[in-house]
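In case you want the letters, here they are:
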Amino acid sequence: MQERLVLDSQITAIILLDTQFQICYVNASAEHLLGQSANRLEHTLLQEHITHSSLDLSKISTVLQSGQSFTDNEVTLVFDQRHALVELSATPVPSQSNELQILLELRAIGQQKKISQELYQHAQQQAAKELVRGLAHEIKNPLGGLRGAAQLLEKELVNPELREFTGIIIEQADRLRNLVDRLLGPQRPGQHEMHNVHSALEKVRQLLTLDLPANIEIERDYDPSIPDFEMDHEQLQQAFLNIAQNAIQALKTEGGKVTISTRTAHQVTIAGKRYRLAAEVKITDNGPGIPTELLDTLFYPMVTGRKGGTGLGLSIAQNLINQHKGKIECASWPGHTEFTIHLPLRR
């Protein structure tokens with residue numbers, strides 16, 4: 001009884017498993033993490049409650065063969081569409097009958113670590129962006145000269161068949177210039193005026209429904225209490241559209257649903273600054289999910305998991321959200337991809 005009181009007082013979630021991964025015991029923190037009571041959890045298999053794990057759970061059983069503890073510092077676990085980022089440790093321990101059991105310890109990664117990761121990723125993205133901008137400028141300068149030379153040559157050519165070749169040079173130079181302009185991102189500062197975020201989202205929904213495949217549905221879940229705030233309406237519309245179009249692309253083969261929802265969020269930290277109130281926009285789809293290897297570099301220019309994609313849509317969206325002092329976060333696993341955009345309303 002005393003041991004249970006000690007374990008129940010721990011902040012760390014503790015789960016005791018037998019060799020078949022059946023739950024023998026959970027403490028109060030584990031009940032909170034899994035969102036269920038001990039009565040419902042005990043004598044059931046752990047896999048029944050975890051719908052997705054970034055760690056192959058079978059690796060946990062290696063502690064029984066090796067007799068050594070196992071730790072993973074960053075594991076994403078999903079419980080009934082709720083996800084948590086945890087540090088997971090598995091340790092072999094003897095039971096009262098001297099059979100080995102697995103002691104799982106799940107420590108939620110603190111808010112401070114998440115902020116540090118956010119700042120590090122922001123710095124990495126800025127460095128990548130500056131590199132791409134430098135390369136884009138280096139490409140753009142000789143491209144103008146190439147196009148100009150082709151135009152001059154075209155005027156000197158009498159043979160229409162030869163002019164066809166200069167036309168190809170000019171056409172491809174223009175295509176490359178457009179790509180470079182997209183790499184450089186928005187060239188003008190935003191014209192911020194008082195608008196409601198739902199007007200931008202509704203415009204996005206209207207644009208999407210013009211060419212929406214029959215097997216895809218768009219659902220809205222708006223919070224009408226979100227106040228108007230200063231924004232560049234067109235820029236936010238473009239950012240939301242880029243994210244939503246990615247969701248639709250992910251669903252095109254199998255079909256599914258895109259959900260656009262809004263809420264107010266309190267005490268939000270963005271780039272190290274604390275905001276008392278922010279608008280929260282979520283664009284969610286039930287598609288196959290984003291490959292794990294792309295998640296850390298998802299917003300980098302030229303990174304894409306789609307054949308034929310340019311990898312610029314999310315990079316441009318992030319740039320536009322940054323101009324509004326906001327942030328984009330992504331959580332994804334098979335059957336669920338969620339982009340969360342926070343836009344500050346009040347310091």
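Counting starts from 1 at the beginning of each chain's written sequence and moves along it residue by residue. Local features are withheld for residues below a pLDDT of 70 in this predicted model, meaning they are given only at 70 or higher, and side-chain atom pairs are given and counted only at 80 or more; totals for whole chains, interfaces and linings count all residues. Calculation of side-chain values draws on the structure's entire complement of heavy atoms; hydrogens and water are dropped beforehand.

Colleague: I'd like to hear about the overall build of the chain, residue by residue, with values.
Modeller: Along the chain, the regular secondary structure elements total ten helices and 13 strands. Exposed residues in this analysis have more than 50% of their type's maximum accessible area, buried residues have under 20%, and partly exposed residues fall in between, with area computed by a 1.4 Å probe over protein chains only. Relative to its full complement of 347 residues, the chain shows a buried share of 41%. In the chain, of all internal contacts separated by at least 6 residues, the share reaching a separation of at least 24 is 61%. For the chain, the exposed area adds up to about 19400 Å²; of that, 51% sits on carbon and sulfur atoms. Counting from the N terminus, the helices are DSSP H or I runs at least four residues long and the strands are E runs at least two residues long. Residue contacts are counted whenever heavy atoms from the two residues lie within 4.5 Å of one another. For the accessible areas, the method is Shrake-Rupley and the probe is 1.4 Å, while residue cover comes only from the protein chains on display.

Colleague: Can you lay out the sheet that holds strand β2 (residues 23-26) for me, pointing to particular residues and giving the numbers?
Modeller: Across the sheet, which stays open at both edges, the six strands sit in the order β2-β1-β6-β5-β4-β3 with antiparallel pairing between neighbours. Each edge of the open sheet carries a strand with a single partner, namely β2 and β3 (52-53). Note on pairing: DSSP must find at least two bridges between two strands before they are called paired. Of the strand pairs in this sheet, strand β4 (residues 70-79) and strand β5 (residues 82-94) are connected by eight bridges, and their pairing is antiparallel. By the bridge assignment for β5, V75 is matched with V86.

Colleague: Tell me what's going on with the side chain of H336, and back it up with residues and numbers.
Modeller: With respect to the helices and strands, the residue H336 is situated in strand β13 (residues 336-346). There is a polar contact of 3.3 Å between the side chain of H336 and the side chain of E338. Here a polar contact means two N or O atoms within 3.5 Å. Within protein one must be a hydrogen donor candidate and the other an acceptor candidate, and residues neighboring in sequence count only if both atoms are side-chain atoms.

Colleague: Run through the nonpolar core, naming residues and quoting values.
Modeller: In summary, soluble globular proteins display a tendency toward joint burial of nonpolar side chains. Membership of the largest hydrophobic core comes to 38 residues, with the highest contact counts inside it found for V197, F240, I243, I328, F339, I341 and L343. Contributing elements (two or more residues each) for this core: α7 (197-209), β8 (216-221), β9 (229-231), α8 (233-251), β10 (256-270), β11 (273-285), α10 (313-323) and β13. Per-element tally for this core: the top contributor is α8, with nine residues. I328 has contacts with I243, F299, A317, Q318, I321, F339, T340 and I341, leaving out every residue within four places of it along the chain. Among the buried residues, those of types Ala, Val, Leu, Ile, Met, Phe, Trp, Tyr and Cys that are joined through side-chain atoms within 4.5 Å form a nonpolar core. Listed in part, the 28 residues of the second largest apolar core include A13, L17, L34 and I50.

Colleague: Account for empty space enclosed by the protein, with residues named and values stated.
Modeller: Over the atoms rolls a probe the size of a water molecule, and its path tells where empty space is left. Points on a 1 Å grid over protein atoms alone make up a cavity when a 1.4 Å probe fits among them but cannot get out, and a pocket when they form an open set with protein on both sides within 12 Å along at least five of seven lines; lining residues each have an atom within 4 Å of a point. Grid points are joined across faces, edges and corners, and a volume is the space filled by probe spheres set on the points. Scanning the model with the defined rule gives two cavities of 30 Å³ or more in all. Volume-wise, the second largest cavity comes out at about 30 Å³. Considering the residues around the second largest cavity, the lining is formed by I15, L46, I50, L57, I60, L77, L88, L104 and L106. Gly falls in the polar group here, along with every residue not listed as nonpolar (Ala, Val, Leu, Ile, Met, Phe, Trp, Tyr, Cys, Pro) or charged (Asp, Glu, Lys, Arg). Tallied by class, residues from the lining of the second largest cavity come to nine nonpolar, no polar and no charged.

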